[in-house]
Amino acid sequence: MNNQHTLHLRRIYGERGTNGTISYQGEQISHTIELPWRNNMPRMSCIPTGRYKLVKRTYTKHGEQIGIPNVLGREAILIHAANDASRELLGCIAPVTKLTGEGTGTESRKALAELKALVYGLWDMGGEVYLVIK
């Protein structure tokens, strides 16, 4: 049995924000919003494309969330709820149910709950979960 599971995040870069879609085994899980690409500047930019291992982390501000460690030159990157990247994100990724503009969306908590259910379920089966950003 393969214990490695891969989520795919496809992005569209905009001036005001980065929008994307997370899928697993060809099935769409949620849309995402992030900050625009600004050369990986901490707290100002979305993270670089690549393959990242996801981990369960507890954060002071957001409680237990899906963390993305090992991002070059960055720390405390996680997946958490937000509906407006420019106001609520510092480089993290926020799942949203519906995209409403560059870096904006709606019903982020609902989308996050669905994503967490999937990722936590894979972890509970003893698997490793990766996120590939393209």
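As the structure is a computational prediction, the values presented were derived from the model and not from experiment.

**Here's the deal with the pattern of salt bridges**
Step number 1: For the structure on display, the rule yields 3 salt bridges.
Step number 2: For Glu-34, the salt bridge goes to Arg-11, with nearest N and O atoms at 2.7 Å. On the criterion of sequence distance, the pair formed by Glu-34 in strand β3 (residues 27-34) and Arg-11 in strand β1 (residues 4-13) is long-range, its members being 23 residues apart. Arg-11 carries the same exposure label as Glu-34, and that label is buried.
Step number 3: Among the ionic pairs, Lys-53 bridges to Glu-128, the shortest N-O distance being 3.2 Å. Note that Lys-53 is positioned in strand β4 (residues 50-53) and Glu-128 in strand β11 (residues 128-133), a separation of 75 residues in sequence.
Step number 4: Judged by relative accessible area, which is 35%, Lys-53 ranks as partly exposed.
Step number 5: Of the residues examined, Glu-128 reaches a relative accessible area of 30% and is grouped as partly exposed.

**Focus: the packing of aromatic side chains**
Step number 1: Taken as a whole and judged by the stated rule, the model has 1 aromatic pair.
Step number 2: Here the aromatic rings of Tyr-120 and Trp-123 are separated by 5.3 Å at their centres, their planes lie at 45°, and the arrangement is tilted. With a gap of 3 residues between them, Tyr-120 and Trp-123 both fall in helix α2 (residues 108-124), about one helical turn apart.
Step number 3: The ring of Tyr-130 has Arg-51 lying over it, and the distance from NZ or CZ to the ring centre is 3.8 Å.

**Brief notes about the nonpolar core**
Step number 1: Residues Leu-7 and Ile-68 are the most contacted members of the largest nonpolar core, which totals 24 residues.
Step number 2: Looking at this core, the elements that each hand over two or more residues are β1, β2 (18-24), α2 and β11.
Step number 3: In terms of residues, this core owes the most to one element, α2, which gives 7 residues.
Step number 4: Contacts of Leu-7, omitting those with residues within four sequence positions, involve Ile-22, Ser-23, Tyr-24, Leu-54, Leu-115, Leu-118, Val-119, Val-129, Tyr-130, Leu-131 and Val-132.
Step number 5: Of all hydrophobic cores here, the second largest spans 10 residues; its members include Leu-35, Ala-85, Leu-89 and Cys-92.

**Considering the UniProt feature "domain: DUF5675" (unreviewed entry) in the protein chain**
Step number 1: This chain's UniProt record puts "domain: DUF5675" (unreviewed entry) on residues 9-120.
Step number 2: Along residues 9-120 the backbone is 15% helical and 41% strand, and the end-to-end C-alpha distance reaches 18 Å.

**Details of the sheet that holds strand β7 (residues 78-79)**
Sheets are built from strands that pair by backbone hydrogen bonding, the pairs being arranged parallel or antiparallel.
Step number 1: Pairing within the open sheet is antiparallel, and its 3 strands lie in the order β5-β6-β7. With one partner strand each, in any of the chains shown, β5 (55-59) and β7 form the two edges of the open sheet.
Step number 2: Those strands touched by α2 are β5, β6 (63-67) and β7, and its axis lies near 75° from that of β6.

**Some words on the layout of surface pockets**
Step number 1: In this model, the largest pocket occupies a volume close to 340 Å³.
Step number 2: Lining the largest pocket are 16 residues, and of these Arg-43, Glu-75, Ala-76, Leu-90 and Cys-92 sit closest to its centre.
Step number 3: When grouped by side-chain class, the residues that make up the lining of the largest pocket number 7 nonpolar, 4 polar and 5 charged.
Step number 4: Reported here for the second largest pocket is a volume of approximately 180 Å³.
Step number 5: In terms of lining residues, the second largest pocket is bounded by His-62, Gln-65, His-80, Ala-81, Ala-82, Asn-83, Glu-88, Ser-108, Arg-109, Leu-112 and Ala-113.
Step number 6: If you tally residues by element for the lining of the second largest pocket, the top one is α2, at 4 residues.
Step number 7: A class-by-class count of the residues in the lining of the second largest pocket yields 4 nonpolar, 5 polar and 2 charged.

Cut-offs applied
Per-chain numbering applies: the sequence of each chain, read as written, is numbered from 1 onward. Owing to the predicted nature of the model, reporting of local features is limited to residues with pLDDT of at least 70; listing and counting of side-chain atom pairs is limited to 80 or more, with chain, interface and lining totals taken over all residues. Values shown for side chains rest on all heavy atoms present in the structure; no hydrogens or waters enter the calculation. Salt bridges are counted wherever a side-chain nitrogen of Lys or Arg sits within 4 Å of a carboxyl oxygen of Asp or Glu. Helix and strand definitions here come from DSSP, where helices need a minimum of 4 consecutive H or I residues and strands a minimum of 2 consecutive E residues; each element is numbered from the N-terminal end. Residue exposure (1.4 Å probe, protein chains only): buried if accessible area is under 20% of the type maximum, exposed if over 50%, otherwise partly exposed. Any two of the Phe, Tyr and Trp rings considered here, Trp counted by its six-membered ring, make a pair once their centres fall within 6.5 Å; the pair's planes then place it as stacked at under 30 degrees, edge-to-face at over 60, or tilted in between. Placement of a positive charge over a ring is assigned whenever Lys NZ or Arg CZ falls within 6 Å of the ring centre and within 35 degrees of the normal to the ring plane. We call a set of buried Ala, Val, Leu, Ile, Met, Phe, Trp, Tyr and Cys residues a nonpolar core when their side-chain atoms join them within 4.5 Å. Pairs of residues are marked as contacts when any of their non-hydrogen atoms sit within 4.5 Å. UniProt positions are given in the numbering used here, feature names are shortened, and annotations may be inferred rather than shown by experiment. One requirement defines pairing of two strands: DSSP has to find at least two bridges between them. Only C-alpha atoms enter the line fits that serve as axes; for helices the fit covers just the stretch in contact. Angles between N-to-C directions range over 0 to 180 degrees. Definitions used for this entry: grid spacing 1 Å over protein atoms alone; cavity, a set of points where a 1.4 Å probe fits but cannot get out; pocket, an open set with protein on both sides within 12 Å along at least 5 of 7 lines; lining residue, one with an atom within 4 Å of a point. Grid points are joined across faces, edges and corners, and a volume is the space filled by probe spheres set on the points. In this classification, Asp, Glu, Lys and Arg are treated as charged, Ala, Val, Leu, Ile, Met, Phe, Trp, Tyr, Cys and Pro as nonpolar, and every other residue, Gly included, as polar.

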